[in-house]
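Summary of structural features
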Amino acid sequence: MPLSHPRRSALSEQVIAALRAQITSGEWPIGSRIPTEPELVEQLGVARNTVREAVRALAHNGLLHIRQGSGTYVVATSELAGVMQRRFAGADPRHIAELRSTLESAAARLAAERRTEKDLKQLDALLLRREQTWESGDAEAFVAADATFHLAVVSASHNDVMTAMYADLGEVLRDWLREDVGEELTPETYMEHAGLLDAIRAGDAARAATEAARYPFLCRLAGVSSPAGD
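Residues numbered from 1 in each chain as written. Predicted model: local features only at pLDDT ≥ 70, side-chain atom pairs only at ≥ 80, totals over all residues. Heavy atoms only, no water.

Per an unreviewed UniProt entry, the recorded name for the chain is FadR/GntR family transcriptional regulator, and the organism is Streptomyces venetus.

In structure tokens:
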């Protein structure tokens with residue numbers, strides 16, 4: 001639907017808000033290329049310069065990345081997520097593992113205490129998807145499925161602040177996992193997650209916390225080991 005045409009600055013803000021909504025809603029997922037400038041002009045009913053200004057603003061805020069000759073891609077779901085990705089891009093991988101272990105352990109403990117039947121059904125489905133992507137051999141699909149499963153565990157804590165913080169760290173954690181998994185899936189980097197889900201289902205907070213806390217370090221150890229076992 002074409003947007004109304006108030007003064008220029010307000011119109012730019014409208015376009016920025018419209019594009020941001022497409023990103024945060026998942027309509028344009030991370031890694032996807034957004035519509036071209038002419039397509040956005042037609043969709044929004046505004047001038048090319050207004051669209052260009054909005055895209056540049058979102059690129060500056062870290063949500064979009066403009067690749068000359070290729071297009072514009074979604075790289076984060078919020079301004080904070082973009083900041084997180086830039087801030088921690090060069091962080092010590094073990095420090096990322098420690099942060100992940102701390103957050104996920106606390107969330108899993110709460111999830112075991114607060115999970116609903118709806119949460120459990122979602123976790124069952126996401127764990128199955130994780131297994132299927134592993135069997136497919138598609139490393140990027142596996143990274144996405146694994147990250148989605150862990151986010152769902154955090155969401156099952158029903159702590160909105162913790163869930164939002166974990167989501168904003170999402171791309172940092174996915175980058176970390178991509179490095180550990182590598183371009184090809186191998187038996188050395190596989191970790192079953194059924195134990196974590198079983199503990200959450202059983203309401204065993206201590207076991208859920210322990211299971212969640214150990215995964216990041218097991219992953220890191222698998223990622224740094226050489227194929228020859230040296």
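1. Some remarks on the pattern of salt bridges
For the structure on display, the rule yields twelve salt bridges. For the salt bridge of R178 with D175, the shortest nitrogen-to-oxygen distance reads 2.7 Å. One end of the pair, R178, and the other, D175, are both in helix α9 (residues 170-181), three residues apart, so they sit about a helical turn from each other. Residue classification places R178 among the partly exposed residues on the basis of a relative accessible area of 25%. Across the pair R214 and E211 runs a salt bridge, and its minimum N-O distance is 3.2 Å. With R214 and E211 both in helix α11 (residues 205-224), this residue pair falls three residues apart, about one helical turn. Judged by its relative accessible area of 14%, E211 falls in the buried class. (Salt bridge = Lys/Arg side-chain N within 4 Å of Asp/Glu carboxyl O. Helix = DSSP H or I, 4+ residues; strand = E, 2+ residues; numbered from the N terminus. Buried < 20%, exposed > 50% of the residue type's maximum accessible area, 1.4 Å probe, protein only.)

2. Some thoughts on the packing of helix α5 (residues 93-114) against helix α10 (residues 194-202)
At a minimum axis distance of 6 Å, the contact between α5 and α10 shows a crossing angle of 45°. It follows that α5 is oblique to α10 by the angle criterion. The residues of α10 that touch α5, namely those facing A108, A111 and A112, are L196, A199 and I200. Here the contact of α5 with α10 is built from residues that sort into six nonpolar, no polar and no charged. (Axes fitted to C-alpha atoms, helices over the stretch in contact; angles between N-to-C directions. Parallel < 35°, antiparallel > 145°, perpendicular 65-115°, else oblique. Contact = heavy atoms within 4.5 Å. Nonpolar A, V, L, I, M, F, W, Y, C, P; charged D, E, K, R; others polar.)

3. Structural notes on the pairing of strand β2 (residues 71-74)
Across four bridges, the pairing between strand β1 (residues 64-67) and β2 is antiparallel. When the bridges of β2 are listed, R67 appears paired with G71. Here β1 hands over to β2 after three residues, with G69 in that stretch at a positive phi of 85°. (Pairing = 2+ DSSP bridges.)

4. So, unusual backbone geometry
Glycine aside, negative phi is the norm for most residues, and most peptide bonds take the trans geometry. Even without being glycine, H158 reaches a positive phi, approximately 55°. Structurally, H158 can be placed in the loop between α7 (139-155) and α8 (160-168).

5. What about the packing of α5 against α7?
Where α5 contacts α7, the two axes come as close as 8 Å, and the packing angle between them is 55°. Regarding the angle of α5 to α7, the classification is oblique. Residues R100, E104, A107, A108 and A111 of α5 touch α7, and the partners they reach there are D146, H150, V153 and V154. Residue classes in the contact of α5 with α7 are distributed as five nonpolar, one polar and three charged.

6. Re helix α6 (residues 117-136)
Given a rise of 1.5 Å per residue, 20 residues ought to cover 28 Å, and the 29 Å separating the end C-alpha atoms of α6 matches this to within 8%. Those residues of α6 that sit buried are D119, L120, L123, L126, L127, R130, T133 and W134. An end-on view of α6 places all buried positions within 150° of arc, on one side of the element. Away from its buried face by more than 90 degrees, α6 exposes E117, K118, K121 and E135. For α6, the secondary structure elements touched by its buried residues are α5, α7 and α10. G137, located one to two residues past α6, shows a positive phi value of around 80°. (Expected span 1.5 Å × (residues − 1). Arc of directions from axis to C-beta.)

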